[in-house]
Structure formats: structure tokens, C-alpha cells
Amino acid sequence: MAQPERRGPQVLNIGEVLAQLSDDFPGMTASKIRFLEEKGLINPKRTPAGYRQYADSDVERLRFVLALQRDQYLPLKVIKDYLDAIDRGERPDNLPPGVTVSPRVVTAEMAADIQGRARTLTEEQLRTESGASAGLLESLLSFGLISHEDGKFDEHALQVARACVQLEVHGLEPRHLRPFQAAADREFGLVERAVAPLTSRRDAASQARAAEAAREISDLCMTLHRALVHHRISRMDS
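Residues numbered from 1 in each chain as written. Predicted model: local features only at pLDDT ≥ 70, side-chain atom pairs only at ≥ 80, totals over all residues. Heavy atoms only, no water.

**So, the nonpolar core**
- Counting 24 residues, the largest nonpolar core has Val17, Leu21, Leu36 and Ile79 as its most contacted members.
- For this core, the secondary-structure elements that each account for two or more residues are α1 (14-21), α2 (30-38), α3 (56-72) and α4 (76-87).
- If sequence neighbours within four positions are ignored, Val17 has contacts with Leu12, Ile33, Tyr54, Val59 and Leu62.
- If you look at the next biggest cluster of nonpolar residues, it comprises 15 residues, including Leu136, Phe153, Cys164 and Leu177. (Core = buried A, V, L, I, M, F, W, Y, C linked by side-chain atoms within 4.5 Å. Buried < 20%, exposed > 50% of the residue type's maximum accessible area, 1.4 Å probe, protein only. Helix = DSSP H or I, 4+ residues; strand = E, 2+ residues; numbered from the N terminus. Contact = heavy atoms within 4.5 Å.)

**Observations concerning the side chain of Glu37**
- Within the secondary structure, Glu37 is located in helix α2.
- In this structure the side chain of Glu37 is engaged in a polar contact, spanning 3.4 Å, whose partner is the side chain of Arg46.
- Setting aside anything within four residues of it in sequence, one finds Glu37 in contact with Ile42, Pro44, Arg46, Arg52 and Tyr54. (Polar contact = N/O pair within 3.5 Å; in protein donor to acceptor, adjacent residues only side chain to side chain.)

**Focus: a nonpolar patch on the surface**
- Judged by side-chain polarity, Val229, Ile233 and Met236 come together as a nonpolar surface patch covering roughly 300 Å² of accessible area.
- Within the element layout of this structure, Val229 appears in helix α10 (residues 204-234). (Patch = residues over 30% accessible without salt bridge, like charges linked within 9 Å, V, L, I, M, F, W, Y side chains within 5 Å. Areas by Shrake-Rupley, 256 points an atom, 1.4 Å probe, with all protein chains shown as cover. Salt bridge = Lys/Arg side-chain N within 4 Å of Asp/Glu carboxyl O.)

Below, the structure is given as C-alpha cells:
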């Protein structure tokens, strides 16, 4: 009786990796995969001739990285810190809500959990999940703090609505919050100018670098903003 064939770990070339990722990440390119390797996010094996050989675990890591980039807007440095901690058998601090990890493995389920939050919501779902009243959502829309596309809202609208529900408790209404939208527009303008040399190049690697630089600059701007505000708050009880 013939013995069943024993198959070793699957080995993929970069084209096969792209084929596996294309449905969930249609903008993915070979250049971006190589960029993520350059940043230390994945480390595929190489043949003696130098050709990359990707394992299933490399594809899982790519899904995890791309999902956190797309859905959580995290800089690659932060994502790499998560992966390094996971590889050491630790649970990373400050993972986004709902993300669970197990030592040394980035599972497809973990990536799917993150990707699942890249969803759209109806107005009713937005009210239910944020706790916002219909009147509050109407005000947020009228002041441009949230928007929808064909009646569907994204996760950013949910985050804004949740924050504004809490701010209402402190007497801050959407009309008071218009400066935040103006500040966000100005910050985005700064980010756009900073990455303009990269966005002017049309190759995929430059576009990936531009997006990553934009995330890093935005993260630094938020840190600066928080420090400046907290500095002023610290004077209140001095």
C-alpha cells in the first residue's frame, strides 16, 4: 500500500505571495513587499542564487502588518516593536483593542480580527455603537466632523462620535469642536508638504515610503500636540 505523500512547508515566490494578498490588499506590489523586508518586518529565506522564498508564516506576518497599517494607521516602527515582542514570546504592550496574540505566532485569525474592523456602518449602527443621539450625529455632519459615503460611515466616524459623546458630558458640543477639524486640515497640509518629494515619484516603493513617512510625521505631530496641551494643564494645580 502506497504511503501518503508527506509535504513539507509551502514555499512561495513573490508573485504567489501577491496572489494570496491581492483580494484583501489590492494595492499590494512586489516593491512594497521588498520595502517591508528592508524595514525588517519580514525576513524570507533566500536560495543560493539569491531568490526570495516565502513561507506561510511570512504571508501571515504580511497580513498582520498590512492590516495594522491600513486599519489602525500605525507606523511601521510600532508594528515592528509588536512583532519583535511576539517573536520573543512576550505580549506586546498597548496593542489595539481586540487584538490577541500568542507567542511567536502571528495567526491568520489575528489579522482577520484587525481587518474585520475595517467595516462600514449605517447611521443606526453608528448611533448604537457610539451612544450618540440622532441630534448629535446631525450636528457632527453639519459641522463636517464626520462624513459618509452612500449613507455608510467608517471607523473614523465611530471614533469621532464616541469622543464627542464623552465631550458632551463636559459641556462641549460639536459647534465648539470646529477648531479640531481646522487643525486636522492644517496638520494634513504639513504632512503632505513633508512627503511631497516622495509622492512625486510614481513607483510603488516611493509611494510606500511616502505613506509610512506620513504616518510617522502624523504620530509625531500628535505627540507634540499632547505635550503642549498637557504642559498647560500641569500649570492649573501649580
